[in-house]
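Observations on chain architecture
Each chain is listed here by its residues.
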Amino acid sequence: MKMPVPDSGVIARRREIVSALRAIVPGEGVIVDESELRAYECDGLTAYRQLPMVVVLPSTVEQVSQVLKTCKEMGVKVVPRGAGTSLSGGALPLADGVLLGMGKFNRILDIDFANRCVVTQPGVTNLGISNAVAHEGFYYAPDPSSQIACTIGGNIAENSGGVHCLKYGLTTNNVLGLEMVLMDGTILRLGGKQLDQGGYDLMGVITGSEGLLGVVTEVTVRILRKPATARAVLIGFPTSEQAGNCVAAIIAAGIIPGGMEMMDKPAIHAAEDFVHAGYPLDVEALLIVELDGPAAEVDHLIERVAEIANAEGACYSRVSTSEEERLSFWAGRKAAFPAVGRISPDYYCMDGTIPRKALPLVLQRMQEMSDKHGLRVANVFHAGDGNLHPLILYDANKPGELERAEEFGNDILRLCVEVGGVLTGEHGVGVEKRDLMNDQFDQVDLEQQQRIKCAFDPEGLLNPGKVFPTLHRCAELGRLHVHKGELRFPDIPRF
Amino acid sequence: MTETTFKPETAAQAAEAVRWALSEGEPLDVVGTGSKRTLGRPMQTAYTLDLSGLNGVVAYEPEELVLTAKAGTPMAVILPMLEERRQQLAFEPQDLGALFGQPAGQGTLGGVLACGLAGPRRISAGSARDHALGIEGVNGRGEVYKGGGKVVKNVTGYDVPKLMAGSFGTLTALTEVTVKVLPAPEDTRTLVLAGRDDAAAVEALTRAMQSPYEVSGAAHLPAGVAARSGVRAVAGAGAAVTLVRLEGFGPSVAARVAALKEELGADAVLERDDSLAVWKEIRDVTAFAGERERHIWKLSVPPADGPKVASAIRDVTDADLFFDWGGGLIWVAVVPNSGSSDAVRRVLNGSGHATLVRAPEDVRASADVFQPLSEPLMALSRRVKESFDPRGILSPGRMYAGV
């Protein structure tokens with residue numbers, strides 16, 4: 001994985017750049033000490049590390065605007081960062097770049113129950129929003145597993161999902177408005193407290209743009225009333241194929257569960273050994289299906305799900321009868337990653353999405369790959385929406401194992417694309433999957449996406465080296481050869 | 001105006017037409033069946049790119065919750081196909097045929113996405129944008145490209161399909177669209193509150209939306225609009241009618257209807273057939289289909305501001321109006337010349353936005369049909385347009401001059 005070659009000319013001007021930043025953000029808002037910079041050297045994808053040239057921590061939108069404008073004028077790259085929980089290296093610093101930390105934007109600005117929305121600064125955590133509205137029985141729906149730490153600004157950048165997103169949507173489906181700053185310092189407002197925005201759906205393309213288009217300085221999200229009740233059913237199957245069929249049958253019956261998770265045998269065993277959730281150990285696949293909503297609905301549907309499971313050959317089924325029991329069902333799933341961490345020195349978490357019907361094939365091929373690479377794999381799966389999280393087990397201290405784990409991971413993601421799926425369902429491309437983009441998209445597809453980038457950031461200074469495998473100059477991408485009169489009149493139906 | 005219409009049957013043919021237009025410097029009016037052609041600024045092109053020949057469902061997999069179809073596939077084909085498997089497009093796409101004085105059922109899937117239209121369920125299920133998973137289309141360089149994917153959960157690369165929603169063909173001539181489909185509700189009931197004024201009605205709708213009963217429709221029809229309903233229980237109220245829809249599984253709907261009826265003090269409950277009928281009227285704005293001379297505005301505002309905005313509109317023009325989306329969507333039918341053409345938009349004062357959905361061609365040529373954007377936003381929109389269509393070949397000016 002190669003990052004853009006650092007510009008030694010920029011690094012040589014470090015002192016000048018730092019003093020320009022200090023003129024905008026005074027005092028401790030500009031960090032240059034190596035020991036302090038160390039805190040920013042990586043995000044959740046810890047295999048890649050790089051000290052930034054300098055860190056700047058603005059606290060107002062005007063400062064963000066000035067920082068970006070100044071960096072643009074000086075030709076300096078900028079990497080935006082929220083809480084740094086990205087699992088794909090979206091906030092990996094650059095040796096010749098300014099790291100722009102948004103941590104000081106940590107206030108909720110307006111809680112508006114009448115319009116069912118919250119206006120907040122981007123550095124507020126995902127869970128912080130839900131906590132701020134919980135006293136009235138509301139919450140913010142997307143719930144990435146890092147929700148205690150990850151910020152809403154980072155969620156916008158990554159279009160974060162979570163366990164409940166099949167029913168309640170990803171970040172993009174829950175954002176109403178944004179204030180953002182472009183690389184040239186322009187401050188823009190998009191959307192607001194109303195449902196539709198005017199003009200192009202720029203909010204749609206900014207959400208999930210991994211910090212390449214602009215820096216978000218204010219967010220308006222919609223909040224929902226908490227479901228009155230939730231119950232879960234734990235269902236075990238002798239084969240993962242039957243578990244997959246059960247998921248399909250539940251959806252075919254018109255049921256969209258609040259959560260629907262699948263674990264394979266290695267994941268079940270690791271989780272059970274760790275938290276003793278009471279999972280059955282003699283099944284090949286385990287489903288957790290959670291129904292939420294009005295009590296009458298949940299009671300009705302939990303019965304139907306149990307019936308469907310029996311019809312699909314379930315060999316184990318347990319319906320939660322109390323809130324404690326429901327939470328215990330989830331305890332194992334939620335601890336699956338650390339549980340796998342106990343049985344292996346290191347693990348590498350993948351994030352492809354597949355059409356669900358391809359699950360048996362994908363699991364079988366993954367087993368073959370596991371044998372080929374000589375590394376074990378455990379699977380947890382957002383079964384409702386086909387989002388796989390294979391956990392590849394390896395030992396970074398054994399020479400070559402990290403590289404083999406990465407190769408194994410790449411093979412899995414190529415397989416996801418091959419069966420009609422995609423490289424990433426919720427973790428983002430970042431640096432991690434950047435070089436696989438050509439497997440999912442043709443050159444022409446990627447060039448069109450890069451031209452969108454040019455509309456926002458023509459010099460390519462904002463978070464370069466992420467998402468796109470090859471960097472092109474905007475002038476080159478914009479070139480258009482038109483040969484007037486050379487094309488014959490198109491030979492297509494006309495009237 | 002149009003001299004020649006190209007009607008490609010494949011994406012490659014569509015690309016060929018765009019490359020020809022590019023080489024001649026001739027802009028194209030990009031259309032499907034043209035059912036919403038009068039929505040937007042009038043086009044002045046000599047050539048039309050008609051995408052209705054790109055017709056056919058490519059893949060429908062109910063259990064994957066995904067449907068892929070050629071962009072010109074009629075909604076009249078797609079909707080019954082979904083209905084047969086008890087599924088739907090949850091954003092409740094509008095059919096504006098009647099409003100535009102045309103037959104109903106003429107639209108295409110590509111047109112629904114390109115116009116970004118959604119019905120009453122917008123409040124709970126989102127809009128067309130929220131259900132667009134993937135696209136294939138021809139950009140203004142004459143290249144066939146794809147964006148997004150064909151699975152329900154995907155964050156790989158930029159979310160290009162969202163950018164297509166509400167772009168009115170100005171960025172890409174869509175050739176194929178993949179959408180998320182969802183189960184259709186087993187049952188539908190509607191609570192009716194009679195005789196509430198706008199403020200009391202929106203207050204009741206707000207309480208309904210704040211409740212845990214999963215409301216999927218929240219509308220208020222002032223007396224004059226309610227009287228035009230084809231549903232007797234609505235028209236016969238002889239007063240304003242406030243409507244709250246509850247959908248889902250039978251036992252769940254029954255329980256929620258009982259609880260919310262009590263909480264809101266509702267006067268009546270519409271059963272399934274009446275419910276379906278009245279929400280279809282609201283979705284398609286049929287109350288304003290007659291009186292063809294009236295200009296129709298669509299206002300999207302913060303829901304709680306709805307009554308205030310409505311009152312300001314009534315102060316400056318002679319208008320009929322009704323509310324959907326819990327007060328956040330106001331449909332306004334204005335008597336022409338009863339105020340300046342922009343009076344409706346000006347009452348918003350920057351909070352929310354207004355679209356002139358129906359007006360004669362000369363009015364649409366001179367007034368801003370879509371909400372004017374702030375200068376920096378307009379500049380960015382122009383650059384985004386250029387990134388897809390550098391020579392302004394695809395429906396230039398349909399949304400904004402220079403875009």
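What you are looking at is a predicted structure, and each value in this text was computed from that prediction instead of being measured.

Points about the overall build of chain A
The helix and strand tally for chain A stands at 18 helices and 18 strands. Whereas a compact globule of 495 residues would reach a radius of gyration of roughly 23 Å, chain A reaches 24 Å, a difference of no more than 12%. Over its C-alpha atoms, taken along the principal directions, chain A stretches across nearly 70 × 65 × 55 Å. Looking at chain A as a whole, 55% of its 495 residues qualify as buried. Long-range pairs, those at least 24 residues apart, make up 72% of the contacts in chain A with a sequence separation of at least 6.

So, the domain arrangement of chain A
All names here are of chain A. On domain assignment, one finds that chain A holds domain 1 (8–101), domain 2 (108–225), domain 3 (229–337) and domain 4 (344–428). The partner domain 4 presents six residues to the seven residues of domain 2 that form the contact. Among the residues forming the side of domain 2 that touches domain 4, the class breakdown is three nonpolar, two polar and two charged.

Focus: helix 13 (residues 336–343) of chain A
All names here are of chain A. When helix 13 is considered as a whole, its buried residues turn out to be A336, A339 and V340. Relative to the axis of helix 13, the buried residues are bounded by an arc of 100 degrees and lie together on one face. Taken together, the buried residues of helix 13 touch strand 13 (259–264), helix 10 (265–275), helix 12 (323–334), strand 16 (346–349), strand 17 (377–382) and strand 18 (387–394).

Some points on the sheet that holds strand 5 (residues 66–70) of chain B
If you trace the five strands from one edge of the open sheet to the other, you get 4-5-9-7-8 (chain B), paired in antiparallel fashion. Where the open sheet ends on each side, the last strands, each with one partner, are strand 4 (57–61) and strand 8 (144–148) of chain B. Each neighbouring strand pair of the sheet contributes to a mean axis angle of 15 degrees, computed without reference to strand direction. The pairing of strand 7 (residues 132–139) of chain B with strand 8 of chain B spans five bridges and is antiparallel. The residue bridging B:V138 from the neighbouring strand is B:V144, located in strand 8 of chain B. Packed on one face of the sheet, helix 17 (residues 443–456) of chain A meets strand 7 and strand 8 of chain B and runs near 70 degrees to strand 8 of chain B. Contacts between helix 1 (residues 11–24) of chain B and the sheet are confined to strand 7, strand 8 and strand 9 (172–180) of chain B, with strand 7 of chain B contributing the most and set at about 45 degrees to the helix.

Things to note about helix 11 (residues 295–311) of chain A
Here helix 11 of chain A spans 25 Å end to end across 17 residues, near enough to the 24 Å set by a 1.5 Å rise per residue. Along helix 11 of chain A, the residues classified as buried are A:A296, A:E297, A:V298, A:L301, A:I302, A:V305, A:I308 and A:A309. Next to the buried residues of helix 11 of chain A lie strand 12 (229–237), helix 9 (240–252), strand 14 (285–293) and strand 15 (316–319) of chain A together with strand 13 (241–248) and helix 9 (250–264) of chain B. With its phi angle positive at about 90 degrees, A:G313 sits one or two positions after the end of helix 11 of chain A.

A look at the interface of chain B and chain A
Taken together, the contact between chain B and chain A spans 85 residues of the former and 86 residues of the latter. Counting residues per element, the ones that place at least two in the side of chain B that touches chain A are strand 1 (4–6), helix 1, strand 8, helix 5 (160–164), strand 10 (182–183), helix 6 (198–210), helix 9 and helix 14 (375–388) of chain B. Residue contributions to the side of chain B that touches chain A peak at eight residues, all from helix 14 of chain B. For the side of chain B that touches chain A, the class distribution of residues is 35 nonpolar, 28 polar and 22 charged.

Some details on the sheet that holds strand 18 of chain A
Residue and element names in this part refer to chain A. Read from one edge of the open sheet, seven strands run 15-12-14-13-17-18-16, paired in antiparallel fashion. In this open sheet, the two edge strands, each paired with only one partner strand, are strand 15 and strand 16. Between one strand and the next, the sheet's axes are offset by a mean angle of 15 degrees, whatever the strand orientation. Of the pairings in the sheet, the one linking strand 13 to strand 17 comprises three bridges and is antiparallel in character. If you follow E261 over to strand 17, its bridge partner there is H382. The strands touched by helix 12 are strand 12, strand 13, strand 14 and strand 17; relative to strand 12, the strand with the most contacts, the crossing angle is about 55 degrees. Most of the contacts of helix 15 (residues 401–418) go to strand 18, to which it runs at about 160 degrees, and overall it touches strand 16 and strand 18.

Section: the domain arrangement of chain B
Interface size, as often reported, equals the accessible area lost upon joining of the parts. Residues and elements named next belong to chain B. The domain boundaries assigned to chain B delineate domain 1 (1–184 + 373–403), domain 2 (187–284) and domain 3 (287–366). The distance between the C-alpha centroids of domain 1 and domain 2 comes to 32 Å. If you look at the interface, domain 1 gives eleven residues, while domain 2 gives twelve residues. Of the residues that constitute the side of domain 1 that touches domain 2, the class distribution is five nonpolar, three polar and three charged.

Some remarks on the environment of B:D95
All names here are of chain B. Here D95 shows up in the loop between strand 6 (87–88) and helix 3 (109–115). Classification of D95 by C-beta neighbours within 10 Å gives buried; the count is 25. Note: C-alpha distance between D95 and L193 (98 residues apart in sequence) is 27 Å.

Reading the values: rules and limits
Position labels on residues start from 1 in each chain and follow its written sequence. Think of it this way: whatever chain is written first is A, whatever ligand is written first is 1, and the rest follow in order. Local features in this predicted model are restricted to residues of pLDDT 70 or higher, and side-chain atom pairs are both shown and tallied only at a pLDDT of 80 or more, whereas totals for entire chains, interfaces and linings draw on every residue. By definition, any uninterrupted DSSP run of H or I lasting at least four residues is a helix, any uninterrupted run of E lasting at least two residues is a strand, and each is numbered from the N terminus. Throughout, radius of gyration means the C-alpha value; the globule benchmark is 2.2 Å times the number of residues raised to the power 0.38. With C-beta atoms placed from the backbone, a residue counts as buried when 20 or more other C-beta atoms lie within 10 Å of its own, as exposed when 12 or fewer do, and as partly exposed for counts between those limits. Contacts are defined on C-beta atoms placed from the backbone: any two residues whose C-beta positions lie within 7 Å are in contact. Segmentation into domains, and thus their bounds, comes from an automatic or database assignment. We call Asp, Glu, Lys and Arg charged. Ala, Val, Leu, Ile, Met, Phe, Trp, Tyr, Cys and Pro are nonpolar, and the rest, Gly among them, are polar. To be clear, the arc concerns the directions from the helix axis to the C-beta atoms. Any two strands with at least two DSSP-identified bridges between them are counted as paired. A fitted line through C-alpha atoms represents every axis, and for helices the fit uses only the stretch in contact; the resulting angles, taken between N-to-C directions, go from 0 to 180 degrees. An expected span of 1.5 Å times one less than the residue number is assigned to each helix.

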